[in-house]
Amino acid sequence: MQVQFNVNGKSCSVETPPHTLLVQVLREELKLTGTHVGCDTAQCGACTVLMNGRAVKSCNMLAAQAAGCEITTIEGLAAADGTMHPMQAAFKECHGLQCGFCTTGMVMSAVDLCKHHPKATDGEVRELLEGNICRCTGYQNIVKAVQHGAAAMAQA
């Protein structure tokens, strides 16, 4: 089947079987490998992308479900000149990562979180990111990064 959508601001059309997951199309067809496959069961959040501005787990969604949608992956979050998105910069500045495997999904979820909860408390950030698992950091610097990123996003 033919699936058309916009990915990172560019119109895209792919021929794919109906049972193909969005994460497979992003990684294998479009070579956008920043979207990670962690668990294949929508538990870890490593595959999170933005679909029409909302965080979704691309390992739990058929590519056909994204037809006509605007998809943003971690590769499309930075500005065209390469300037990092405020949330990406915050994760870097606040050391909100260690191994980096969860980071792309965490950043994408954090962008959505901050659009809807720009002044989230520590506890709220932890609760709202519960669908994203990090096995390295202990979350303290992730929470700090999300709050720092939220402040930067509000100023941008």
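The structure reproduced in this document is the subject of the present report. From a predicted model like this one, the values you see are computed outputs, not experimental measurements.

**Things to note about the overall build of the chain**
Stage number 1. The number of helices and strands found in the chain is five helices and five strands.
Stage number 2. Starting at the N terminus and ending at the C terminus, the chain contains elements arranged as β-β-α-β-β-β-α-α-α-α.
Stage number 3. Here the C-alpha radius of gyration of the chain, 15 Å, is about what a compact globule of 156 residues would show, namely 15 Å.
Stage number 4. Considering only C-alpha atoms, the chain reaches an extent of 45 × 30 × 25 Å along its principal axes.
Stage number 5. Counting only residues that meet the buried cut, the chain has 45% of its 156 residues in that class.
Stage number 6. Within the chain, contacts between residues separated by at least 24 positions form 58% of all contacts whose residues are at least 6 apart in sequence.
Stage number 7. Accessible area for the chain stands at about 8,000 Å²; split by element, carbon and sulfur atoms hold 51% of it.

**A look at the packing of helix α2 (residues 86-93) against helix α5 (residues 140-155)**
Stage number 1. Contact geometry of α2 with α5 gives a least axis separation of 8 Å together with a crossing angle of 140 degrees. With respect to each other, α2 and α5 are oriented oblique. Between α2 and α5 lies a crossing whose hand is right-handed. Contacts between α2 and α5 pair P86, M87, A90, F91 and E93 from the former with I142, A145, V146, H148, G149, A150, A152 and M153 from the latter.
Stage number 2. Here the contact of α2 with α5 is composed, by residue class, of ten nonpolar, two polar and one charged.

**Side note on the nonpolar core**
Stage number 1. M87, F91, M106, C114, L129, I142 and V146 are the most contacted members of the largest nonpolar core, which has 24 residues in total.
Stage number 2. Listed by contribution, the elements that provide at least two residues to this core are α2, α3 (103-116) and α5.
Stage number 3. The leading source of residues in this core is α3, at seven residues.
Stage number 4. Those residues within four positions of L129 in sequence are excluded, and the remaining contacts are M106, S109, A110, L113, I142 and V146.
Stage number 5. One finds V3, M51, M61 and A63 within the second-largest nonpolar core, a separate group that totals 17 residues.

**Some words on unusual backbone geometry**
Stage number 1. With phi around 60 degrees, K31 is a residue other than glycine that occupies positive phi space.
Stage number 2. Mapped onto the secondary structure, K31 falls in the loop between α1 (22-29) and β3 (48-51).
Stage number 3. Relative accessible area serves as the criterion here: at 59%, K31 is assigned to the exposed category.
Stage number 4. Phi angles above zero are rare outside glycine, and D40 is one such case at about 65 degrees.
Stage number 5. Tracing the backbone shows D40 in the loop between α1 and β3.

**Quick word on the pattern of salt bridges**
Stage number 1. Counted according to the given criterion, the structure contains one salt bridge.
Stage number 2. Note that D112 and R54 form a salt bridge whose closest N and O atoms lie 3.4 Å from each other. With a gap of 58 residues between them, D112 in helix α3 and R54 in strand β4 (residues 54-57) connect regions that are remote in the sequence.

Here is what the cut-offs are and how they apply
Residues numbered from 1 in each chain as written. Predicted model: local features only at pLDDT ≥ 70, side-chain atom pairs only at ≥ 80, totals over all residues. Heavy atoms only, no water. Helix = DSSP H or I, 4+ residues; strand = E, 2+ residues; numbered from the N terminus. Rg over C-alpha atoms; globule rule 2.2 N^0.38 Å. Buried < 20%, exposed > 50% of the residue type's maximum accessible area, 1.4 Å probe, protein only. Contact = heavy atoms within 4.5 Å. Areas by Shrake-Rupley, 256 points an atom, 1.4 Å probe, with all protein chains shown as cover. Axes fitted to C-alpha atoms, helices over the stretch in contact; angles between N-to-C directions. Parallel < 35°, antiparallel > 145°, perpendicular 65-115°, else oblique. Left-handed = near helix turned anticlockwise from the far one by under 90°. Nonpolar A, V, L, I, M, F, W, Y, C, P; charged D, E, K, R; others polar. Core = buried A, V, L, I, M, F, W, Y, C linked by side-chain atoms within 4.5 Å. Salt bridge = Lys/Arg side-chain N within 4 Å of Asp/Glu carboxyl O.

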